Amino acid sequence: MILVTGGAGFIGSNFILDWLSASDEPVVNLDALTYAGNLQNLESLKGDQRHIFVHGNIGDADLVASLFARYRPRAVVHFAAESHVDRSIFGPDAFFKTNVMGTLNLLECAKAFWDQTRGEEKERFRFLHVSTDEVYGSLRFDEAPFTEETPYRPNSPYSASKASSDHAVRAWFHTYGFPVLTTNCSNNYGPYQFPEKLIPLVIHNALSRLPLPIYGDGLNIRDWLYVKDHCEAIRTVLQKGTPGETYNIGGRNERNNLTIVQTICGLLDEWVPHEAGPYANLIEFVKDRPGHDRRYAIDATKIRTQLGWEPKESFETGIRKTVRWYLDHPEWVQGVLTGAYREWTAKQYGSLRVAG
Ligand code: NAD
Ligand code: DAU
């Protein structure tokens, strides 16, 4: 039995689906179902006894302690977080509540449980904290990719909150010997990503013939990883990682935002051509994100050489699967376009109309 937090979100739900397709080990999924959490992602597990969903907050000490007492998980895989940089600029509070204080509560409850275990149960327990490459700050175009030794320089409220949680997790290992693992991953894309993030937003807007907003000059670079490769990396770290260590995860797929958007437009031109002309005509350059990091890139040598993980998808194969998935699941997209989504896009994009 493992305890997953945030398993109704984008990466967490992909992780649970992959986990249960590869093994019969049950998953307790603790998720607060914020705007980003969606049980539709796990629809295929309806009635499956191996998935136990618990609607609740990682900051709820009584609830979290009761889950440890009842299920005695052998591991925690901690995804739950506020994850959208733009939202963190408007409202940092929720980010510090969940990402810092929520993680602290989870650590405390997990450690209290671990303290009273003995023998093999104690030996094999792991707390895997899922984090981001954004904690390392921004790279110049000529700088080498982030390694696990790169100093932390978070630049957004989101990345500052994730950096704080990473530090807490590290401290629990050094102070208490609590068996933690931390992963710092680059930008994910794939099925079930909420359409506030660049790739699903662009697919959705393009299909609705609405502007494709690109911040600034469109030359900011991210290192894109197909979500299923990330899930496999997490399973690998859980199985083979050394407690107290951190592992960078990335796809060796650096692309600037303009290239990403043009690639999506090209695939839509191929699969759903529109009489009005190429989808790229919908591109609009808009005001830049404040404090917008210029470039992220991951050096994943450590996880490759020490644990044997490598991504299976290139950006070209992963983006084809992703665009195809959104074309084939219009009902999923419609299901997440709630009033809250419309409120968000009105606030973020103002007069520029964004589908919702
Ligand atoms: P997401 O926003 O899609 O999902 C977050 C999930 O956490 C949602 O289901 C939400 O309901 C849940 N949640 C939020 N606050 C909660 C709380 N207080 N208690 C319980 N559940 C809560 O996020 P994601 O993109 O799937 O990211 C998952 C994790 O991976 C995050 O920790 C994020 O920092 C990290 N990460 C994301 C990326 C990426 O590209 N998306 C890359 C690297 C790391
Ligand atoms: O690097 C890992 C991080 O990747 C994760 O930790 C975060 O949780 C995840 O949200 C993601 O952060 P980004 O800020 O990089 O992702 P986002 O999809 O918001 O933006 C990707 C790039 O696209 C970024 O340079 C900003 C730009 N962008 C984004 C949106 C939403 C645009 O140009 N226009 C947009 O409308």
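In short, a report on the structure. (Residues numbered from 1 in each chain as written. Chains lettered and ligands numbered in written order. Predicted model: local features only at pLDDT ≥ 70, side-chain atom pairs only at ≥ 80, totals over all residues. Heavy atoms only, no water.)

For the coordinates displayed, the defined rule picks out 23 aromatic pairs. Seen in terms of ring centroids, Tyr 35 and Phe 194 are 5.2 Å apart; in terms of plane orientation they differ by 75°. Their pairing is edge-to-face. A residue pair is termed long-range when its members are at least 10 positions apart, and Tyr 35 in the loop between strand E2 (27-31) and strand E3 (51-55) and Phe 194 in the loop between strand E7 (188-189) and helix H7 (198-207) qualify at 159 residues. Note on Tyr 35: relative accessible area 25%, which makes it partly exposed. Its relative accessible area of 9% is what places Phe 194 among the buried residues. Taken together, Phe 68, Phe 113, Trp 114, Phe 125, Phe 127 and Phe 178 form an aromatic cluster joined through their ring pairs. The ring of Tyr 247 has Lys 302 sitting right over it, with the charged end atom 4.8 Å from the ring centre. One Lys or Arg, Lys 347, reaches over the ring of Phe 90 and ends 5.1 Å from the middle of that ring. (Phe/Tyr/Trp six-rings, centres within 6.5 Å; stacked < 30°, edge-to-face > 60°. Helix = DSSP H or I, 4+ residues; strand = E, 2+ residues; numbered from the N terminus. Buried < 20%, exposed > 50% of the residue type's maximum accessible area, 1.4 Å probe, protein only. Lys NZ or Arg CZ within 6 Å of the ring centre and 35° of its normal.)

Further remarks concern the site of ligand 1. Lining the immediate surroundings of ligand 1 are 28 residues, of which Ile 11, Asp 31, Ser 83, Tyr 158 and Lys 162 lie closest. Residue Phe 10 places a main-chain N or O atom 3.1 Å away from an oxygen atom belonging to ligand 1. Contact distances for ligand 1 include 2.7 Å between an oxygen atom and a side-chain N or O atom of Lys 162. For the shell around ligand 1, the secondary structure elements donating two or more residues are helix H1 (10-22), strand E5 (126-132) and helix H6 (157-176). Here the shell around ligand 1 gets three residues from one element, more than from any other, and that element is E5. (Near = heavy atom within 4 Å. Polar contact = N/O pair within 3.5 Å; in protein donor to acceptor, adjacent residues only side chain to side chain.)

Once that is clear, we can look at the layout of surface pockets. The computed volume of the second largest pocket comes to approximately 400 Å³. In terms of lining residues, the second largest pocket is bounded by 20 residues, among which Glu 148, Tyr 152, Arg 170, Gly 244 and Thr 246 are the most central. Of all the secondary structure elements, the ones that give two or more residues to the lining of the second largest pocket are H6 and strand E6 (180-185). A per-element tally of the lining of the second largest pocket places H6 first, with six residues. (1 Å grid on protein atoms, 1.4 Å probe; cavity = no way out; pocket = protein on both sides within 12 Å on 5 of 7 lines; lining within 4 Å. Points joined across faces, edges and corners; volume = space filled by probe spheres on them.)

A few words now on the pattern of salt bridges. Applying the stated rule across the entire model yields 20 salt bridges. A salt bridge links Asp 24 to Arg 50, with the shortest nitrogen-to-oxygen separation between them at 2.8 Å. Of this pair, Asp 24 sits in the loop between H1 and E2 while Arg 50 is found in the loop between E2 and E3, placing the two residues 26 residues apart along the sequence. One salt bridge in this structure joins Arg 140 and Asp 142, with 3.2 Å as the shortest N-O distance. Judged by its relative accessible area of 53%, Arg 140 is exposed. A residue is classified by how much of its surface remains accessible, and Asp 142, at 62% relative accessible area, is exposed. (Salt bridge = Lys/Arg side-chain N within 4 Å of Asp/Glu carboxyl O.)

In this fold, Arg 87 is placed in helix H3 (residues 85-90). Not counting residues within four places of it along the chain, the set of residues in contact with Arg 87 comprises Tyr 35, Phe 95, Phe 194, Glu 196 and Trp 344. (Contact = heavy atoms within 4.5 Å.)

Here we come to helix H8 (residues 227-240). Taking 1.5 Å per residue as the helical rise, H8 with its 14 residues ought to reach 20 Å, and the 20 Å between its terminal C-alpha atoms agrees with that figure. Restricting attention to buried positions, one finds in H8 the residues Val 227, Asp 229, His 230, Cys 231, Ala 233, Ile 234, Thr 236, Val 237 and Leu 238. (Expected span 1.5 Å × (residues − 1).)

Around ligand 2, a shell composed of 25 residues is seen, among which Asp 133, Tyr 158, Arg 289, His 292 and Tyr 349 lie nearest. The separation between an oxygen atom of ligand 2 and a polar side-chain atom of Asp 133 is 2.6 Å. Taking Pro 213, its main chain carries an N or O atom lying 2.9 Å from a nitrogen atom of ligand 2. Considering ligand 2 on its own, with 680 Å² of exposed area, one finds that the protein chains cover 95% of that surface. Listed by contribution, the elements that provide at least two residues to the shell around ligand 2 are H3, H7 and strand E8 (212-215). Class assignment of the residues belonging to the shell around ligand 2 gives a composition of 10 nonpolar, eight polar and seven charged. (Areas by Shrake-Rupley, 256 points an atom, 1.4 Å probe, with all protein chains shown as cover. Nonpolar A, V, L, I, M, F, W, Y, C, P; charged D, E, K, R; others polar.)

The next point concerns helix H9 (residues 257-271). Over its 15 residues, H9 extends 21 Å from the first C-alpha to the last, a length consistent with the 21 Å expected when each residue adds 1.5 Å. What H9 keeps buried is the set Asn 257, Leu 258, Ile 260, Val 261, Ile 264, Cys 265, Leu 267 and Leu 268. Where H9 starts, the residue carrying a side-chain oxygen 3.1 Å from the main-chain nitrogen of Leu 258 turns out to be Asn 256.

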